[in-house]
Amino acid sequence: IAEKGLALIGSLKHSFLNQTLLPEQIDQLLTASTMGGIVISQTGTSLPHALGYVLSYDKGIPHGIATAAIYKGYLSEYKTSEKLHRMLGILGFASSEGLINFIDQIIDYSLELSEDEIKDLEDELQKITDKYVAKIDKMVEAKSKEIMTV
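Quick summary incoming for the structure in this document.

Each value, and the rule that gives it
Each chain carries its own residue numbering, running from 1 in the written order of its sequence. Only residues with pLDDT of 70 or above have their local features reported here, since the model is predicted, and side-chain atom pairs are shown and tallied only from 80 upward, although totals for entire chains, interfaces and linings are computed over all residues. Just so you know, side-chain values use all the structure's heavy atoms and leave hydrogens and water out. A pair of Phe, Tyr and Trp rings is counted when the ring centres sit within 6.5 Å of each other, with Trp represented by its six-membered ring. The angle between the planes then sorts it: under 30 degrees is stacked, over 60 is edge-to-face, the rest tilted. Labels follow the DSSP assignment, with helices taken as runs of H or I lasting at least four residues and strands as runs of E lasting at least two, numbered in each case from the N terminus. Classification of residues uses two cut-offs on accessible area relative to the type maximum, computed with a 1.4 Å probe and protein chains only: under 20% is buried, over 50% is exposed, and between them is partly exposed. Distance and angle both matter: a charge sits over a ring if NZ of Lys or CZ of Arg is within 6 Å of the ring centre and within 35 degrees of the ring normal. Joining through side-chain atoms within 4.5 Å is the link that ties buried Ala, Val, Leu, Ile, Met, Phe, Trp, Tyr and Cys residues into a set, and such a set is a nonpolar core. By definition, residues are in contact when any of their heavy atoms lie within 4.5 Å. To get an axis, a line is fitted to the C-alpha atoms, and for a helix only the part in contact is used. The angle between two axes follows their N-to-C directions and goes from 0 to 180 degrees. Our angle categories are set so that under 35 degrees counts as roughly parallel, over 145 as roughly antiparallel, 65 to 115 as roughly perpendicular, and the remainder as oblique. Each residue is assigned to one class: nonpolar for Ala, Val, Leu, Ile, Met, Phe, Trp, Tyr, Cys and Pro, charged for Asp, Glu, Lys and Arg, and polar for all the others, Gly among them. When a carboxyl oxygen of Asp or Glu is within 4 Å of a side-chain nitrogen of Lys or Arg, the pair counts as a salt bridge. In this description, the arc belongs to the directions extending from the helix axis to the C-beta atoms. In this scheme, a helix's expected span is set at 1.5 Å multiplied by one less than its residue total.

On to the packing of aromatic side chains, then. By the definition in use, this model includes three aromatic pairs. For the pair Phe 16 and Phe 102, a centre-to-centre distance of 6.2 Å together with 85 degrees between the ring planes defines the contact as edge-to-face. One end of the pair, Phe 16, is in helix 2 (residues 13–18); the other, Phe 102, is in helix 7 (residues 96–106), and 86 residues separate them in sequence. When its relative accessible area of 9% is taken as the criterion, Phe 102 is described as buried. Between Tyr 71 and Tyr 74, the ring centres sit 5.7 Å apart and the planes meet at 90 degrees, which makes this aromatic pair edge-to-face. With a gap of three residues between them, Tyr 71 and Tyr 74 both fall in helix 5 (residues 63–77), about one helical turn apart. For Tyr 74, a relative accessible area of 29% corresponds to the partly exposed category. Members of the aromatic cluster, joined through ring pairs, are Phe 16, Phe 93 and Phe 102. Directly above the ring of Phe 93 sits Lys 13, whose terminal nitrogen or CZ lies 4.1 Å from the centroid.

Moving on, we come to the nonpolar core. Ala 68, Ala 69, Leu 75, Leu 84, Leu 88, Leu 91, Phe 93, Leu 99, Ile 100, Phe 102, Ile 103 and Tyr 109 form the largest nonpolar core, which has twelve residues in total. Going through the elements one at a time, helix 5, helix 6 (82–91) and helix 7 are the ones with two or more residues in this core. Other than its neighbours up to four places away in sequence, Ala 68 contacts Ile 103, Ile 107 and Tyr 109. Val 54, Leu 55, Ile 61 and Ile 70 belong to the second largest nonpolar core, which has six residues in total.

Where helix 1 (residues 2–11) contacts helix 6, the two axes come as close as 7 Å, and the packing angle between them is 45 degrees. For the element pair helix 1 / helix 6, the angle class is oblique. The residues of helix 6 that touch helix 1, namely those facing Glu 3, Leu 6, Ala 7, Ile 9 and Gly 10, are Arg 86, Met 87, Ile 90 and Leu 91. By residue class, the composition of the contact of helix 1 with helix 6 is six nonpolar, one polar and two charged.

So, on to the pattern of salt bridges. Scanning the entire structure with this criterion turns up five salt bridges. Residue Asp 123 pairs with Lys 119 through a salt bridge whose shortest N-O separation is 2.9 Å. With Asp 123 and Lys 119 both in helix 8 (residues 115–148) and four residues apart, the pair spans about one turn of that helix. Salt-bridge contacts for Glu 146 lead to Lys 143; the nearest nitrogen and oxygen are separated by 3.3 Å. You can see Glu 146 and its partner Lys 143 sitting in helix 8, three residues apart, about one turn around the helix.

Considered for burial, the residues of helix 7 that qualify are Ser 96, Leu 99, Ile 100, Phe 102 and Ile 103. The buried residues of helix 7 all sit within an arc of 160 degrees when viewed along its axis, so they share a single face. Contacts made by the buried residues of helix 7 are with helix 2, helix 5 and helix 6.

What follows concerns helix 3 (residues 23–43). Taking 1.5 Å of rise per residue, 21 residues should cover 30 Å, and helix 3 covers 30 Å from first to last C-alpha, within 8% of that figure. For helix 3, the complete set of buried residues consists of Gln 25, Ala 32 and Met 35. Taken around the axis of helix 3, the buried residues stretch over an arc of 70 degrees, which confines them to a single face. Exposed side of helix 3, more than 90 degrees from the buried face: Pro 23, Leu 30 and Ser 41 are the residues found there. As for helix 3, its buried residues are in contact with helix 1 and helix 2.

Read these as spatial facts, not as claims about activity.
Shown next, in the form of structure tokens:
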């Protein structure tokens, strides 16, 4: 499902750049978005997507723009990932730099953070991570007890 959604998005990249999306192409984007939602509901979200929520909440940056801004650094850091290269191929990009350039062309944004803001965001993300790790630990403990009583 994820790859089919990426392929739909990749097939429309020239229309994005030219700002010439036709109604049927918008329907394709909605389909790709639905596919993405299905995948996220089953597998969880990516790190940049999750971090985008923190920027949206704390800085008031629209979520899509916040996620795009974070993806630039993420793509630069993980550009040797086999999974990333498969995704880039499906989207029709030869490299992570090509995707970064594409993002820059279709989204007008600027993200400037001070060292203190970065530290605050790191702390906030750690609190969120700790909260969910604790929830998962409790779920695992409960499931382990359930299994052991059977």
